[in-house]
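# Understanding the architecture of this molecule
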Amino acid sequence: VYKRQKMDNSVYVTLSTGQKCFLFDSGWCPLSNVYPSPFTVYEIKYRTCHQFYQAMKAKTFKDPNAFALIMNCWSAKRQTNIASTIENYEQGVWETKALEVMKQGLMLKFEQCNVAKKFLKETGDSTLVFATSYQPYWGNGLHIGDELNLHVEAWTGQNKLGHLLEEVRKEM
C-alpha cells in the first residue's frame, strides 16, 4: 500500500514499509539540476547546477572554448553536447571528480537560491530519488511514472543525485 501526492513532475510516495520517498525528474522541480536557480562563484553567474557541472568539466580539462560555449548556452541538452566535445577529456579523470563537483554545485545552488533551499528542506527526511531512465548513474534508472519506483530492488540506476541531495540537506 502506498500513497501518492502529485506535485508538478514530482511524487511523494510512502511504501508499505513506511519508507517515505520523494521522486522527481528533470524539469521544473527545484531539486532538478536543470531547474533555473542562478548562483554566483567568483563573480561568474551560473544559471543552473547543470551548467555549473558541465562548465567545471571544461575547466578541469582546460578547454576555454568549451567553457565559453557552455556559459553562453541556455539549453541543458546543448550544454551536455558541448561538454562531450571537450578537448583532452579523460573519462577516468572526470569520474574521480564528478561527485565532488556535483556536490559543490548543489551546495552553491541551495545556499544561494532560496526557492530551491526551501523546497529541499520541505522534503524532510524523505529519501530523495531522481526518477529517470535516461541517466542511470545520477538517477534510479526508471521513468517517474513507472510503478517499479516503489521497489528499490527493481531500480536499475545508482541514484547518485538523490544521495548527494540528501547529504546537502543534512549539511544545511
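Scroll up to find the structure.
First, a word on scope: everything that follows refers to the structure included in this document. Worth saying up front: this structure is predicted, and the values here are computed from it rather than measured.

Quick look at the overall build of the protein chain now. In terms of helices and strands, the protein chain carries six helices and six strands. For the protein chain, the N- to C-terminal ordering of α and β elements is β-β-β-β-β-α-α-α-α-α-β-α. Counting only C-alpha atoms and orienting by the principal axes, one finds that the protein chain spans roughly 50 × 30 × 25 Å. Taking all 172 residues of the protein chain together, the buried fraction comes to 48%. When contacts within the protein chain are restricted to residue pairs at least 6 apart in sequence, those whose partners lie at least 24 apart make up 52%. For the protein chain, the accessible area works out to roughly 9,400 Å², and carbon and sulfur atoms hold 53% of it.

Right, let's talk about the pairing of strand 6 (residues 127-130) for a bit. Residues Thr127 and Val129 point to one face of strand 6 and Leu128 and Phe130 to the other, with burial holding for every one of them. Pairing geometry for strand 3 (residues 20-24) and strand 6, over four bridges, is parallel. When the bridges of strand 6 are listed, Phe22 appears paired with Leu128.

Our focus in this paragraph is the packing of aromatic side chains. As enumerated under the stated definition, the model contains 12 aromatic pairs in all. Note on Trp28 and Tyr35: the rings are 6.5 Å apart at their centroids and 80° apart in plane angle, and the pair reads as edge-to-face. Assessed through its relative accessible area of 61%, Trp28 is described here as exposed. Look at Tyr35 and you get buried, because its relative accessible area is 15%. With a centroid separation of 5.1 Å and an interplanar angle of 85°, the aromatic rings of Tyr46 and Phe52 are classed as edge-to-face. Among the residues examined, Phe52 registers a relative accessible area of 1% and is labelled buried. Cluster of aromatic residues (ring-pair linked, three or more members): Tyr53, Phe61, Tyr89, Trp94, Tyr137 and Trp138. Stacked on the ring of Trp74, the Lys or Arg Arg47 has its end atom at 3.9 Å from the ring centre.

Another aspect to go through is the environment of Thr60. Mapped onto the elements of the fold, Thr60 is located in helix 1 (residues 49-60). It is 8.1 Å that separates the C-alpha atoms of Thr60 and Trp94, two residues lying 34 residues apart in sequence. Not counting chain neighbours up to four residues away, the residues in contact with Thr60 comprise Trp94 and Lys97.

What follows deals with the pairing of strand 3. Counting buried positions along strand 3 yields four of five residues, so the element is predominantly enclosed. In this structure, strand 2 (residues 10-14) lies alongside strand 3, joined through five bridges in antiparallel fashion. Bridging from a neighbouring strand, Ser10 pairs with Phe24 of strand 3.

The rules behind these values
Residues numbered from 1 in each chain as written. Predicted model: local features only at pLDDT ≥ 70, side-chain atom pairs only at ≥ 80, totals over all residues. Heavy atoms only, no water. Helix = DSSP H or I, 4+ residues; strand = E, 2+ residues; numbered from the N terminus. Buried < 20%, exposed > 50% of the residue type's maximum accessible area, 1.4 Å probe, protein only. Contact = heavy atoms within 4.5 Å. Areas by Shrake-Rupley, 256 points an atom, 1.4 Å probe, with all protein chains shown as cover. Pairing = 2+ DSSP bridges. Phe/Tyr/Trp six-rings, centres within 6.5 Å; stacked < 30°, edge-to-face > 60°. Lys NZ or Arg CZ within 6 Å of the ring centre and 35° of its normal.

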